[in-house]
Amino acid sequence: MSAPVIQISSLSRRFGEKNAVDHLTLDVQAGEIFGFLGHNGAGKTTTVRLLNGVLEPTSGNAKVLGLDPLTEGPALRARTGVLTETPSLDERLTARDNLSFYADLYSVPRRDVSGRVHSLLTEFELAERADERVGGYSKGMKQRLALARALLHKPEVLFLDEPTSALDPVAARHVHSLVEDLARRESCTVFLCTHNLVEAQKLCDRVAVMEHGRLVALGTPSELTRQYVKRLDVDLEVDPAQMELALQTLQQFPQLLIGPPKQEKDILTLTLSGREAIPELLSGLVQKGLHVYRLAPQEANLEEVYFALNGGTQ
Amino acid sequence: MNTRAILAIVRKDLKVAVQNKGVILPIIILPLVLFVVVPWIMAYGSSLATATSTSFSNVGEMLERMPAGLLNELSGYTPDQQLIVFTLVYMLAPMFLIMPLMVSSVFAADSFAGEKERKTLEALLFTPTTDRELFTAKLLGAWVTAVTVAFLSFVVYAVMVNAAGWQSIGHLFFPTWMWVALVFWVTPAVAGLGLVVMVFVSVRAQGFQDANQTGGLVVLPVLLLMVGQISGVMYFSLGVVLFVGLVIWLLDIVLLWFAGKSFHRGELMTKF
């Protein structure tokens, strides 16, 4: 396996008494879509700033594309693209002027600037209003333009800070497919900061969960659900004529069930204490003469992981 | 240094600034008043004073209070001409310095505090531009604009002064060597002072207007020079102008050194 694209070792940043990032250690592999989850103030944005050499760490170190953000910031930032949480666009300039300006800053070859700007404006469906001032754009259009700006110089690592927070579902889906395309086709590594857990579940190969600047979980979404979500919802379908018998039988397994079953038409939804409860329950149901048509575990999602880690309720 | 990036920032800052009425209006109105309207009023007022003799005794007193050096410089003129030359050439000289000071500080306020207000700085900090390039570009835009506007104002003022005084004096009497030094030696230094002060002010200001109000205090030393000139405590001879310029350049260097030292990404990201 090649060296990780992002290597973070015990990275910390304090603001006064507050630890914005607290001894963070993790690696991100090339071509990965890496989700960085956490609520507001968890340290996501500060981490992006540290990894791009925009903020200096209090202690620890990091390497991005083999470069030290602290000492090789300009060279590093030439190879990364960042979509900041707010679009950070010059609203008195047109979309085309905004992109052309940043093309100069990212040293996009002069002969390519006009074509590159045009193709991005077209891709993000902004070409028709390219020569209007950005101040008149909707939030979604601004966000799309900011994303286009982050891609101007074809970055090898793309940092996205809440990329779809201002977008409607259609625009958000467009961004999702674009991010997937970038990672799969162009091998761009994506570091996705989000508190949209559905988005993370859908896009990310691995995720890290942050809380108060500390890393509290790291792994693939399925690893995390296995590790942190102990309870398991299953759908049970039996012969409809045996529904009463099924409900009576289930009462004999209080040690396997959390709460009473929920019935919707001919399907019962049970919450089990864990995956290992399935064989015992199935065997008990069959022994009682029930015709079990289906016993299907529902895949736990990152939302449940997130709440499990935060000790909250769903 | 990435000159392409520096020039791009300068161009962008100018493009953005000229769309701000708070920037562009004072740049149009101030020179119009100071360098077009005032010379005519001064010249007309001086002629009127000498013609009617109503306040001639006061003028006489004023001329008596003038330092010997200045009287010596005015010795080739008749008393009524002396008054015109004194007002147009000497009294307004410190006022000229308000121009580069104001333009540079207004531009710098829009470039630094305005960027903070518009929340556009963050994306800029994520580009490969180095801290030094960013600092240079931000200063250069405001400084070049201020110096250019001041130079243009000087040309306009030269035409207006000679035109306004022509009837009384009958020949070109402006610019003097003092003014040449004032424009080409002191003006760039004063422009530098205006913007470097605004860099410090912008760090704490909430936005363009806030920075502009606080930074406006930088005109106070210029007003002191004016008072000194009018009250006869000092006058703008060539030597004084060269010395004042030197002091301001030295002040610029010291302040720039401090500003440059504190101008780095981490600081900007936390304070902006």
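Residues numbered from 1 in each chain as written. Chains lettered and ligands numbered in written order. Predicted model: local features only at pLDDT ≥ 70, side-chain atom pairs only at ≥ 80, totals over all residues. Heavy atoms only, no water.

1. Notes on the packing of helix α7 (residues 98-111) of chain B against helix α11 (residues 177-204) of chain B
All names here are of chain B.
Link 1 in the chain: Between α7 and α11, the shortest axis-to-axis distance is 8 Å and the interhelical angle comes to 35 degrees. When you trace α7 past α11, the crossing you get is right-handed. Along the contact surface, α7 presents Pro 100, Leu 101, Ser 104, Ser 105, Ala 108 and Ala 109, while α11 presents Thr 187, Val 190, Ala 191, Gly 194, Leu 195, Met 198 and Ser 202.
Link 2 in the chain: The residue makeup of the contact of α7 with α11, split by class, is eight nonpolar, five polar and no charged. (Axes fitted to C-alpha atoms, helices over the stretch in contact; angles between N-to-C directions. Helix = DSSP H or I, 4+ residues; strand = E, 2+ residues; numbered from the N terminus. Left-handed = near helix turned anticlockwise from the far one by under 90°. Contact = heavy atoms within 4.5 Å. Nonpolar A, V, L, I, M, F, W, Y, C, P; charged D, E, K, R; others polar.)

2. Some thoughts on the interface of chain A and chain B
Link 1 in the chain: On the chain B side, the residues contacting the 33 residues of chain A number 32 residues.
Link 2 in the chain: Of the roughly 2,800 Å² buried between chain A and chain B on both sides combined, carbon and sulfur atoms contribute 58%.
Link 3 in the chain: Interface area lost by chain A to chain B is led by Val54(A), Arg92(A) and Leu105(A), which between them contribute 25%.
Link 4 in the chain: For the salt bridge of Arg118(B) with Asp90(A), the shortest nitrogen-to-oxygen distance reads 3.8 Å.
Link 5 in the chain: Of all the elements in the fold, those that place two or more residues in the side of chain A that touches chain B are β1 (6-15), α1 (44-51), α2 (73-77), α3 (95-105) and α4 (110-123) of chain A.
Link 6 in the chain: Among the elements that line the side of chain A that touches chain B, the one with the most residues is α3(A), at six residues. (Buried area = accessible area lost by both parts, 1.4 Å probe. Salt bridge = Lys/Arg side-chain N within 4 Å of Asp/Glu carboxyl O.)

3. A short note on the sheet that holds strand β5 (residues 80-83) of chain A
Residue and element names in this part refer to chain A.
Link 1 in the chain: In spatial order, the strands read β5-β6-β7-β3-β8-β9; together these six strands make up an open sheet with mixed pairing. On the outer flanks of this sheet lie β5 and β9 (214-219), each paired with one strand and no other. Sheet twist, expressed as the mean angle between neighbouring strand axes with direction ignored, is 15 degrees.
Link 2 in the chain: Relative to strand β8 (residues 206-211), strand β3 (residues 33-37) runs parallel, the two being bridged by four bridges. Paired with Phe 34 across the two strands is Arg 206, which belongs to β8.
Link 3 in the chain: The sheet contacts of helix α6 (residues 169-186) involve β3, β6 (157-161) and β7 (189-194), and relative to β3 the element is tilted by about 135 degrees.
Link 4 in the chain: Packing of helix α11 (residues 302-310) onto the sheet brings it into contact with β3, β8 and β9, and relative to β8 it is tilted by some 30 degrees. (Pairing = 2+ DSSP bridges.)

4. Notes on the environment of Ala205(B)
Residues and elements named next belong to chain B.
Link 1 in the chain: Checked against the element boundaries, Ala 205 lands in the loop between α11 and α12 (208-215).
Link 2 in the chain: A sequence separation of 54 residues divides Ala 205 from Ala 259, and the C-alpha atoms of the two residues are 15 Å apart.
Link 3 in the chain: In contact with Ala 205, not counting residues within four places along its chain, are Ala 113, Lys 116, Asp 210 and Ala 211.

5. Details of the packing of aromatic side chains
Link 1 in the chain: With the rule as written, the count across this model stands at 19 aromatic pairs over all chains.
Link 2 in the chain: Each ring, one from Tyr157(B) and one from Phe174(B), has its centre 5.3 Å from the other, and the planes form 85 degrees; the classification is edge-to-face. Separated by 17 residues along the polypeptide, Tyr157(B) in helix α10 (residues 131-169) and Phe174(B) in the loop between α10 and α11 bring together distant segments of the chain.
Link 3 in the chain: Residue Tyr157(B) is classed as buried on the basis of its relative accessible area of 1%.
Link 4 in the chain: We classify Phe174(B) as buried; its relative accessible area is 5%.
Link 5 in the chain: Ring-pair connections join several aromatic residues into one group, and the members of that group are Phe35(B), Phe96(B), Phe151(B), Phe154(B), Tyr157(B), Phe174(B), Trp179(B) and Phe184(B).
Link 6 in the chain: The ring of Tyr102(A) has Arg149(A) sitting right over it, with the charged end atom 4.9 Å from the ring centre. (Phe/Tyr/Trp six-rings, centres within 6.5 Å; stacked < 30°, edge-to-face > 60°. Buried < 20%, exposed > 50% of the residue type's maximum accessible area, 1.4 Å probe, protein only. Lys NZ or Arg CZ within 6 Å of the ring centre and 35° of its normal.)

6. What about a nonpolar patch on the surface?
Residues and elements named next belong to chain B.
Link 1 in the chain: A grouping of Leu 25, Ile 28, Ile 29, Leu 32, Val 33, Val 37 and Ile 41 is seen on the molecular surface, where their side chains present a nonpolar patch of about 620 Å² in accessible area.
Link 2 in the chain: Its place among the elements puts Ile 28 in helix α2 (residues 21-52).
Link 3 in the chain: Taking relative accessible area as the criterion, Ile 28 reaches 49% and is therefore assigned partly exposed. (Patch = residues over 30% accessible without salt bridge, like charges linked within 9 Å, V, L, I, M, F, W, Y side chains within 5 Å. Areas by Shrake-Rupley, 256 points an atom, 1.4 Å probe, with all protein chains shown as cover.)

7. Re α12(B)
Link 1 in the chain: For α12(B), the complete set of buried residues consists of Phe208(B), Ala211(B), Asn212(B) and Gly215(B). The arc that holds every buried residue of α12(B), seen down its axis, measures 100 degrees, which confines them to one face. (Arc of directions from axis to C-beta.)

8. Details of the pattern of salt bridges
Link 1 in the chain: Counting across every chain of the model gives 22 salt bridges over all chains.
Link 2 in the chain: Here Arg294(A) and Glu237(A) are joined by a salt bridge, their closest N and O atoms 3.2 Å apart. Taken as a pair, Arg294(A) in strand β13 (residues 292-297) and Glu237(A) in strand β10 (residues 232-238) lie far apart in primary sequence, 57 residues in all.
Link 3 in the chain: Salt bridges linked by common partners bring Asp90(A), Arg92(A), Lys12(B), Asp13(B), Asp110(B), Glu115(B), Arg118(B) and Lys138(B) together as one network.

9. Re the side chain of Thr249(A)
All names here are of chain A.
Link 1 in the chain: Summarising the element assignment, Thr 249 is placed in helix α9 (residues 243-250).
Link 2 in the chain: Using a relative accessible area of 1% as the deciding quantity, one classes Thr 249 as buried.
Link 3 in the chain: From its side chain, Thr 249 meets the backbone oxygen of Leu 245 in a polar contact 2.7 Å long.
Link 4 in the chain: Leaving out residues up to four positions away in the same chain, Thr 249 has contacts with Gly 284, Leu 285, Lys 288 and Leu 290. (Polar contact = N/O pair within 3.5 Å; in protein donor to acceptor, adjacent residues only side chain to side chain.)

10. Digging into the sheet that holds β13(A)
Each strand in a sheet pairs with its neighbour through backbone hydrogen bonds, running either in the same direction (parallel) or in the opposite one (antiparallel).
Residue and element names in this part refer to chain A.
Link 1 in the chain: Pairing is antiparallel across the open sheet formed by four strands, whose spatial order is β11-β12-β10-β13. At either margin of the open sheet sits one strand with a lone partner, and together these are β11 (262-264) and β13. Geometrically, the sheet is characterised by an average inter-axis angle of 25 degrees between neighbouring strands, direction not taken into account.
Link 2 in the chain: Across three bridges, β11 lies against strand β12 (residues 267-272) in antiparallel orientation. Among the inter-strand pairings, Lys 262 is bridged to a residue of β12, identified as Thr 269.
Link 3 in the chain: Those strands touched by helix α10 (residues 277-287) are β10, β12 and β13, and its axis lies near 165 degrees from that of β13.

11. A short note on the confidence of the model for chain A
Link 1 in the chain: With 98% of its residues at a pLDDT of 70 or more, chain A has an overall mean of 89.
Link 2 in the chain: Least confident of the elements in chain A is α11(A), whose mean pLDDT is 76; most confident is α3(A), at 97. (pLDDT = per-residue confidence, 0-100.)

12. Focus on the packing of helix α8 (residues 221-228) of chain A against α11(A)
Residues and elements named next belong to chain A.
Link 1 in the chain: Look at α8 against α11: their axes get within 9 Å of each other, and the N-to-C directions meet at 45 degrees. Here α11 runs oblique to α8, going by the angle between their axes. Read as a crossing pair, α8 and α11 show a hand that is left-handed. Where α8 abuts α11, its residues Pro 221, Leu 224, Thr 225 and Tyr 228 lie against Leu 302, Val 305, Ala 308 and Leu 309.
Link 2 in the chain: Per-class residue counts for the contact of α8 with α11 are seven nonpolar, one polar and no charged. (Parallel < 35°, antiparallel > 145°, perpendicular 65-115°, else oblique.)

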